[in-house]
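# Inside the fold
Here are the chains, one letter per residue:
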Amino acid sequence: MLAAEESPSPVLPHMAEVILGLVAFLLLLFVISKFVTPRFEKLYADRTAKIEGGIEKAEQAQQEAEAALKQYNAQLAEARAESARIRDDARAEAEQIKEELRAQAQEESARIVAQGQAQLEAQRAQIVAELRADLGRHAVELASRVVGESLEDEARRRGTVDRFLAELDSVSAPAKS
């Protein structure tokens, strides 16, 4: 048995190898925990901070965009209200101008009609005066022929003409009515 104990076992390693492996493992574990793990932890923390910072920046940018959109919509609504007010003012002003022009046109029309009527009345009076004079001359001439005496005397002629015209007016006045 002694011989069996002295021969190395293929399953169990030598104690020196186990101790050496254990020391190397502990040394490797110390190096990893002292140098490698903190670097990985720092990288993970930096990456997490970067991601969280990016999310915060994205949320902040989204809030700013929403605020800008609200401001834009408010300005757009204000501009639409202003344009509607300006349009309504322009329509009211156009209506006022149209009414003023219509009133001026009616005044001008009334003035032209009144002026035309005045001219017609003046022409009518002038024509009536001319016709009366002509009628008077013709009446005096005819009366002179009928009576056989000259009606040259101005007072006599004027009285005769006035009487004739009065009779003519009295005869024509009922006909007009």
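Residues numbered from 1 in each chain as written. Predicted model: local features only at pLDDT ≥ 70, side-chain atom pairs only at ≥ 80, totals over all residues. Heavy atoms only, no water.

## Observations concerning the overall build of the protein chain
- Assigned secondary structure in the protein chain consists of 3 helices and 0 strands.
- Counting from the amino terminus, the protein chain carries its helices and strands in the arrangement α-α-α.
- Out of the 177 residues belonging to the protein chain, those deemed buried represent 5%.
- As presented, the protein chain carries roughly 15,700 Å² of accessible surface, and 61% of it is formed by carbon and sulfur atoms. (Helix = DSSP H or I, 4+ residues; strand = E, 2+ residues; numbered from the N terminus. Buried < 20%, exposed > 50% of the residue type's maximum accessible area, 1.4 Å probe, protein only. Areas by Shrake-Rupley, 256 points an atom, 1.4 Å probe, with all protein chains shown as cover.)

## Some remarks on the pattern of salt bridges
- In this structure the tally under the stated criterion is 7 salt bridges.
- With a closest N to O distance of 3.5 Å, Glu95 and Lys98 form a salt bridge. With Glu95 and Lys98 both in helix α2 (residues 15–147), this residue pair falls 3 residues apart, about one helical turn.
- Residue class for Glu95 comes out partly exposed when judged on its relative accessible area of 41%.
- Here Arg124 and Glu121 are joined by a salt bridge, their closest N and O atoms 3.7 Å apart. (Salt bridge = Lys/Arg side-chain N within 4 Å of Asp/Glu carboxyl O.)

## Re the packing of aromatic side chains
- The tally for this structure, following the rule as stated, stands at 1 aromatic pair.
- Here Phe40 and Tyr44 contribute two aromatic rings whose centre-to-centre distance is 6.3 Å and whose plane-to-plane angle is 25 degrees, an arrangement assigned as stacked. Of the two residues, Phe40 and Tyr44 are both situated in helix α2; the distance of 4 residues between them amounts to about one turn of the helix.
- For Tyr44, a relative accessible area of 49% puts it in the partly exposed group. (Phe/Tyr/Trp six-rings, centres within 6.5 Å; stacked < 30°, edge-to-face > 60°.)

## Here's the deal with the confidence of the model for the protein chain
- Mean pLDDT over the protein chain stands at 85; residues scoring 70 or higher make up 87%.
- No element of the protein chain has a lower mean pLDDT than helix α1 (residues 2–6), at 54, and none a higher one than α2, at 91. (pLDDT = per-residue confidence, 0-100.)

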